[in-house]
Amino acid sequence: MDNQRKKIIGIDIGGTFIKFALLDTDGTIEKKWMIPTDISEKGKHIPAALCASIRAEIANDQLADVLGIGIGVPGPISPDGTTVVRAVNLDWEQVPLKEIIQQELGIGVALLNDANAAALGEMWKGAAQGKENLLFVTLGTGVGGGIVLNGEVLNGCHSAGGEIGHIPVRSAKNRLCGCGGRNCLETFASATGLVLTMREKLKNAEEPWAEMTPQDIFKAVKDKNPYAQATLEEFTDILGQALAGIMNTIDVEEVIIGGGLSEAGDDLLEPLKKKMETYVFPQIKHHFSVKKAQLGNKAGIYGAVYAYLGSHESVNV
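If you're wondering where the values come from, they're calculated on a predicted model, not measured in any experiment. (Residues numbered from 1 in each chain as written. Predicted model: local features only at pLDDT ≥ 70, side-chain atom pairs only at ≥ 80, totals over all residues. Heavy atoms only, no water.)

Some thoughts on the overall build of the chain
- Within the chain, the regular secondary structure consists of eleven helices and twelve strands.
- Computed over the C-alpha atoms, the radius of gyration of the chain is 20 Å, within 12% of the 20 Å expected from 2.2 N^0.38 for a compact globule of 317 residues.
- The contacts in the chain between residues at least 6 apart in sequence include a share of 61% that link residues at least 24 apart.
- Accessible surface computed for the chain: about 15,100 Å², of which carbon and sulfur atoms make up 49%. (Helix = DSSP H or I, 4+ residues; strand = E, 2+ residues; numbered from the N terminus. Rg over C-alpha atoms; globule rule 2.2 N^0.38 Å. Contact = heavy atoms within 4.5 Å. Areas by Shrake-Rupley, 256 points an atom, 1.4 Å probe, with all protein chains shown as cover.)

Notes on the packing of aromatic side chains
- Evaluation of the coordinates by the stated rule reveals three aromatic pairs.
- Seen from their ring centres, F20 and W33 are 5.0 Å apart, and the 5° between their planes marks the pair as stacked. With F20 in strand β2 (residues 17–24) and W33 in strand β3 (residues 29–36), this residue pair connects regions lying 13 residues apart in the sequence. In terms of burial, F20 and W33 fall into one category: buried.
- For the ring pair W124 and Y302, a centre distance of 6.2 Å and an interplane angle of 85° mean the geometry is edge-to-face. With W124 in helix α5 (residues 114–125) and Y302 in helix α11 (residues 299–311), the pair connects residues that are 178 residues apart, well separated along the chain. As far as burial versus exposure is concerned, W124 and Y302 are alike and both buried.
- Three or more aromatic residues joined by ring pairs make a cluster, and in this case those are W124, Y302 and Y306.
- For K31, the ring lying beneath its charged end belongs to W33, and the centroid distance is 5.7 Å. (Phe/Tyr/Trp six-rings, centres within 6.5 Å; stacked < 30°, edge-to-face > 60°. Buried < 20%, exposed > 50% of the residue type's maximum accessible area, 1.4 Å probe, protein only. Lys NZ or Arg CZ within 6 Å of the ring centre and 35° of its normal.)

Considering α11
- In this model α11 runs 18 Å from its N-terminal to its C-terminal C-alpha over 13 residues, within 8% of the 18 Å that 1.5 Å per residue would give.
- Turning to α11, its buried residues are A299, G300, I301, Y302, G303, A304, V305, Y306, A307, Y308 and L309.
- Residues of α11 that are buried make contact with β1 (7–13), β2, β3, β4 (66–73), β7 (108–113) and α5. (Expected span 1.5 Å × (residues − 1).)

Side note on the nonpolar core
- Grouped together as the largest cluster of nonpolar side chains are 43 residues, with contacts concentrated most on V137, L243, V255 and I257.
- Elements represented by at least two residues in this core include exactly β8 (134–139), β9 (143–149), α6 (186–189), α7 (191–204), α8 (214–222), α9 (226–250), β11 (254–258) and α10 (266–279).
- With sequence-adjacent residues up to four places away left out, V137 is seen in contact with V143, G144, G145, I164, L243, V255, I256, I257 and G258.
- Core analysis: the second largest hydrophobic core is formed by 30 residues, I35, I54, L97 and I107 among them. (Core = buried A, V, L, I, M, F, W, Y, C linked by side-chain atoms within 4.5 Å.)

What about the sheet that holds β3?
- Ordered in space as β3-β2-β1-β4-β7, the five strands form an open sheet in which the pairing is mixed. Of all the strands in the sheet, just β3 and β7 have a single pairing partner and so form its edges. For this sheet the average axis-to-axis angle between neighbouring strands, irrespective of direction, equals 15°.
- Bridge analysis of β1 against β4 gives six bridges, and the strand direction is parallel. Within β4, the position partnered with I9 by the bridge is I69.
- Along the sheet, helix α4 (residues 97–105) contacts β1, β4 and β7; its crossing angle with β7, the most-contacted strand, is approximately 155°. (Pairing = 2+ DSSP bridges. Axes fitted to C-alpha atoms, helices over the stretch in contact; angles between N-to-C directions.)

Things to note about the environment of T83
- Considering the arrangement of structural elements, one finds T83 in the loop between β4 and β5 (84–87).
- You can call T83 buried: its relative accessible area is 14%.
- Remark: the alpha-carbon pair of T83 and K98, spanning 15 residues in sequence, is separated by 6.6 Å.
- Setting aside chain neighbours within four positions, we find T83 in contact with P76, I77, S78, Q94, V95, P96 and L111.
- Only 3.1 Å separates the side chain of T83 from the side chain of T82, close enough to count as a polar contact. (Polar contact = N/O pair within 3.5 Å; in protein donor to acceptor, adjacent residues only side chain to side chain.)

What follows is the structure, given as structure tokens:
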């Protein structure tokens, strides 16, 4: 089989849109498109919509050249890689997506969690190229993560590997997490948590406050606003402790930060790195890097394709 002539389809299923791309085995995108995500009736129409869109966009003779399909999904995947255990944004539970797509299109499928897909994407074509051991962190509305060891994603026995947003934080505060827990990391170290902390500090000081964005807070830090400075200090301290704890456990060489908050760049990454250096094991100190993710919303597509190619030993790194 001449893999240079073969293609892979990468799919990133989101709560609002489903993104597709047709790539060659070197990772060159030849075509990309998207469709709205139909979450009606517990998302039961999504698999059929995926297949219909692929057939509509790729001619039958081209489809015969497709080696496989990699799919990133916003939720845990069963350890055997066949079933979406749960995807809250899609209203899915126990959906055998791999089998459904394979039967409909007659093409092999690799299924993985979207944060894990993004981690692999950054390793293959993004900020962590040339590395095989990394911690990928997404800081957005929540906190997500992916752990790659020796070039392979850590999924875990219960499909919960990399769920770093739910590391418990010791705090006198009482913040309810979407998972039902209290004081999970993402209640402090997400965009939502950052804004909440700033609001609390202003309220406690009886200072006026208005609705604000994370960008407003980072601007206020540059303007030497003491409440914004204290907010960023608390944010990076809590996140730095959590990430240092992970580093002390898995001892990887790079931390890649993605998600909306990563757009703050060095204004976030530099104080975060300093905090991590404070908490990591001495042997790790000064021997790891913290970088901004490079691929944006294409990371999941690249990672899903890499997962398929890697599982079939035909990846060109």
